[in-house]
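# Descriptive structure summary
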Amino acid sequence: MNQVELLAPAGSYESALAAFNAGADAVYAGGEFFSARAYAENFTTKQLLEVMDYAHLHGKKVYLTINTLLKEQELSGQLFSYLQPLYCAGLDAVIVQDLGVLQFIRKYFPKLRIHASTQMTVFGKETAKALEKSGVSRIVVPREFSLEEIRDIRNATALEIESFVHGALCYCYSGQCLLSSFVGGRSGNRGRCAQPCRMEYDYLENNRKINGKNQTYLLSPKDICTLKILPQIIASGVTSLKIEGRMKKTEYVAGVVSIYRKYLDLYAANPSAYQVLEQDIQNLMDLFHRNGFHESYYMQHNGKNMISLQKPQFRVENQELTEFLRTQYIGKKLKIPLDISVTCLAGQPFRLDTEAAGKNISVTGPVPSPAKSTPLNQETLGKHIGKLGGTSFETGRITFDLGDGLFLPVSAINDLRRTLIQKTEEAILSKYRRKTERQDFTAQNMEMECPPEGKTINLHCLVWNVSQFLVVSDAPEVKRIYLEAVQFSPEKIRQCIADAHRKEKEIYLALPYVFRKDDCEKFLNDFGAAIPLLDGVLIRNIEQYFCFRKNQVVFDYVFDYNVYTMNRYAKQYVHSLGAKTTAPLELNYHELKALGVSDSELIIYGYIPVMISANCVRKTFDRCRRDNQMIQLKDKKNNVFSVQCVCGYCYNLMLNSYPLSLFKYADRIRQLSPASLRLIFSTESAGQTEKILKCAQRAFLSGQPVADEAGTTRGHFMRGVQ
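Notes on the structure in this doc start here. Nothing here was measured: the structure is a model prediction, and the numbers come from that model.

## Side note on the overall build of the chain
The number of helices and strands found in the chain is 23 helices and 33 strands. When each of the 722 residues of the chain is scored for burial, the buried share is 60%. Sequence separation of 24 or more characterises 72% of the internal contacts of the chain that already satisfy a separation of 6 or more. In the structure as shown, the chain presents an accessible area of about 29100 Å², 47% of it carried by carbon and sulfur atoms. Across the chain, the 88 positively charged side chains and the 75 negatively charged ones have centroids separated by 2 Å.

## What about the sheet that holds strand 16 (residues 351-356)?
Here four strands make up an open sheet; going across it, the order is 17-16-15-19 and the pairing mixed. Every other strand in the sheet has two partners, leaving strand 17 (359-364) and strand 19 (393-402) as the edge strands with one partner each. Strand-to-strand twist across the sheet, computed as the mean angle between neighbouring axes with direction ignored, equals 25°. Summarising the sheet, strand 15 (residues 336-344) and strand 19 pair through eight bridges and their orientation is parallel. Opposite S341, over in strand 19, you have T399 as the bridge partner. Seen against the sheet, helix 13 (residues 378-385) touches strand 15, strand 16 and strand 19 and runs at an angle of roughly 150° to strand 19. Docked against the sheet, helix 14 (residues 410-430) engages strand 15, strand 16, strand 17 and strand 19, running at close to 155° with respect to strand 17.

## Here's the deal with the packing of aromatic side chains
Enumeration over the complete set of coordinates arrives at 29 aromatic pairs. With a centroid separation of 5.6 Å and an interplanar angle of 40°, the aromatic rings of F33 and F34 are classed as tilted. Ring geometry for F523 and F527: centres 4.7 Å apart, planes at 40°, overall tilted. With F523 and F527 both in helix 17 (residues 519-527) and four residues apart, the pair spans about one turn of that helix. On the basis of relative accessibility, which here comes to 1%, the residue F523 falls in the buried class. The structure contains a cluster of three or more aromatic residues connected by ring pairs, namely F515, F523, F527, Y545, F546, F548, F555, Y557 and F559.

## Considerations on the packing of helix 15 (residues 466-473) against helix 23 (residues 686-701)
When two helices pack together, you describe them by how their axes are tilted relative to each other and by the distance separating the axes. Viewed as axis vectors pointing N to C, helix 15 and helix 23 meet at an angle of 30°, and their least axial separation amounts to 9 Å. One finds that helix 15 runs roughly parallel with respect to helix 23. Classified by chirality, the crossing of helix 23 by helix 15 is right-handed. Side by side, helix 15 and helix 23 meet where S467, Q468, V471 and V472 of the first sit next to A686, T689, E690 and L693 of the second. Looking at side-chain class alone, the contact of helix 15 with helix 23 contains four nonpolar, three polar and one charged residues.

## Quick look at the pairing of strand 16
As paired strands, strand 15 and strand 16 are joined by three bridges and run antiparallel to one another. When the sheet's bridge partners are listed, S341 is paired in strand 16 with D353. Counting the residues that bridge the hairpin from strand 15 to strand 16 gives six residues, and of these G347 lies at a positive phi of roughly 80°. The sheet contact formed by strand 16 and strand 17 spans six bridges and is antiparallel. Among the inter-strand pairings, R351 is bridged to a residue of strand 17, identified as T364. Count of turn residues in the strand 16/strand 17 antiparallel hairpin: two residues, of which A357 carries a positive phi of about 55°.

## Comments concerning the side chain of D25
Following the sequence through the fold, D25 ends up in the loop between helix 1 (13-22) and strand 2 (26-30). Take D25: its relative accessible area is 16%, and that puts it in the buried class. Polar side-chain contacts of D25 include one of 2.8 Å to the backbone nitrogen of L6. Setting aside its immediate chain neighbours within four residues, D25 contacts Q3, V4, E5, L6, F20, K60, K61 and R261.

## Comments concerning unusual backbone geometry
At N291, a residue that is not glycine, the phi angle is positive and equals roughly 55°. You will see that N638, though not glycine, has its phi angle at about 70°, which is positive.

## Some remarks on helix 10 (residues 250-269)
Residues spaced three or four apart along an α-helix face the same direction, because each turn holds 3.6 residues. Between its first and last C-alpha, helix 10 extends 28 Å over 20 residues, near the 28 Å set by a 1.5 Å rise per residue. In terms of burial, helix 10 is a largely internal element, 15 of the 20 residues being buried.

## Description of the nonpolar core
Counting residues in hydrophobic clusters, the biggest one holds 222 residues, and the most contacted among them are L227, F548 and F663. Residues contacting F548, with those up to four places away along its chain left out, are L511, F515, F523, L524, V537, V553, F555 and Y557. Grouped together as the second largest cluster of nonpolar side chains are 25 residues, L352, I361, L376 and L420 included.

## Section: the sheet that holds strand 30 (residues 640-646)
The six strands lie next to each other as 9-8-29-30-31-28, forming an open sheet whose pairing is antiparallel. Edge positions in the sheet fall to strand 9 (208-209) and strand 28 (609-613), since each of these pairs with one other strand and no more. The sheet contact formed by strand 8 (residues 201-205) and strand 9 spans two bridges and is antiparallel. Residue pairing in the sheet places E205 in a bridge with R208 of strand 9.

Conventions used here
Residues numbered from 1 in each chain as written. Predicted model: local features only at pLDDT ≥ 70, side-chain atom pairs only at ≥ 80, totals over all residues. Heavy atoms only, no water. Helix = DSSP H or I, 4+ residues; strand = E, 2+ residues; numbered from the N terminus. Buried < 20%, exposed > 50% of the residue type's maximum accessible area, 1.4 Å probe, protein only. Contact = heavy atoms within 4.5 Å. Areas by Shrake-Rupley, 256 points an atom, 1.4 Å probe, with all protein chains shown as cover. Lys, Arg positive; Asp, Glu negative; His and termini not counted. Charge placed at Lys NZ, Arg CZ, Asp CG, Glu CD. Pairing = 2+ DSSP bridges. Axes fitted to C-alpha atoms, helices over the stretch in contact; angles between N-to-C directions. Phe/Tyr/Trp six-rings, centres within 6.5 Å; stacked < 30°, edge-to-face > 60°. Parallel < 35°, antiparallel > 145°, perpendicular 65-115°, else oblique. Left-handed = near helix turned anticlockwise from the far one by under 90°. Nonpolar A, V, L, I, M, F, W, Y, C, P; charged D, E, K, R; others polar. Polar contact = N/O pair within 3.5 Å; in protein donor to acceptor, adjacent residues only side chain to side chain. Expected span 1.5 Å × (residues − 1). Core = buried A, V, L, I, M, F, W, Y, C linked by side-chain atoms within 4.5 Å.

In structure tokens, the structure reads:
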């Protein structure tokens, strides 16, 4: 069996050392910038360099999280200088969400291993194969993946596969959540999630409350614990077992790591005898849990058993366990046994020799003089040579070649011992050191783009039903219509295509937000007859793009807002695929202008999806009815969020409680000069659709001022996100 890595969270220097002491093979940590846990203690660059050297001396690894989306000025002005000293010191890998960051690192830090974050939402093997070609060495698979889906990627690529095995679980697919961003202005894509999913909600059907009084934590999953199914996870092809918890206490990290280390070693020693003690499960619960554990999505697609529903109970600290962890793992440092050979002969320089990193290390000092009184002996020399406290080493075997009647000052012995330790550390660490290959990078001063003047603005509309389609297809100002594929039957799509083309409008299909194993085949089978009639498709995840390319389905491809392009490197990557982009929703006006959106579509109206989940709110309280019902969630501020059950692809789509409306900012949007504008119609009636479309026509085509309507949001167009 290949060695399986145990990967631990490190929210601080202390927790990193505790994780290594408890048996972690590697830790992942955030630095001063670009970490998805912006509110963790995180590391200064100096601390990162220290923990990297410590890890490397002991054969361990450190992975840096750059798992947020970077704005243009950050990628062009900060990333290089931030990464350079870490790269040169031997950083083992970076965990990346942003496609632009991936391209940047490949260009400027070519020897640095890249791990595709779970925030990248890799839905299948086609994306995995493309990322492998782009230089990615490891994929952190979505928490929602089954064992079968992991095997599918394992069999299709040579990529390492990292998967979460313990800790907190997001309700939404990682990288696809905008709830915290739109509700509170704290973006999960920027590491500042306020965790609104952990708040209370009521579940409504036809304005009737369904959940009980003590069942209000509808979007709050229990923590995962996979100790009992580790053999199945390893057999599926997972090469790194990831523990969540950079915001957790050091005792939690040490305790969870030590227990998983125990069972990983037991499995490696005798797979057929693998068995988990209930006391160890209890110890894990004593460290932290949310009303119990579940085993994640490895062996089920979703389920009520995954959700906490009630407020987590107050846990009484297991003081005996806590004290054991502190004594055993915290505040200590690992030691490397060091064998030293001592040569002290008349007429020859005093010499110490050892071996490390496959190298012989030898240091020499002064020539010993004849002793006037008490000559050196092995006991005296060994006492001073063995003073390794405070270093990364402990005394191993000391051998002597010692002449008679010789003397050396104690200071000379101590100095040579310190020199030997220094040279030994340098020898071990030297194999990790690198030089920056590219010296031609200079921070770029961002200049505002000057869009072309007098550009015609095209209005495009996305619709969820036939009544909306009929309204927008009759509007002469609408040039393109997107049909939300999962809301239409194949026959109805063919009818809409024919109708739109008769009216000389482009017609695109908006693909499902989730596209996992077998979904490509299902989609092509369902819509195969209509696909050749389309003018293009709206891509919601890059698995769809590579699936269509593999099947030689040639289209005009538009990548939606959730295939993020916050910087020019990301945009260039999408353009290299022959696709167009949708302007990011989390950039403000000035940032959009700096990025440049003259080649992108800008969303100006619509209920923006804020969560996409494998779990189903309705199934939590009822059963799967496969009827694509729309339900509602109401928070404690009486905001009501519509949730669409997308049964054909088995996910929930939660819409924001207020629609985005940028009609008031038409003048500024004209200054941006986007390639086109998009209105999204989802829950609106035909009458509402017509009214909103007329507002857009007045604001953007006739130049008439349109005031904000009550019950709308401008999103991030003015404020942006940090």
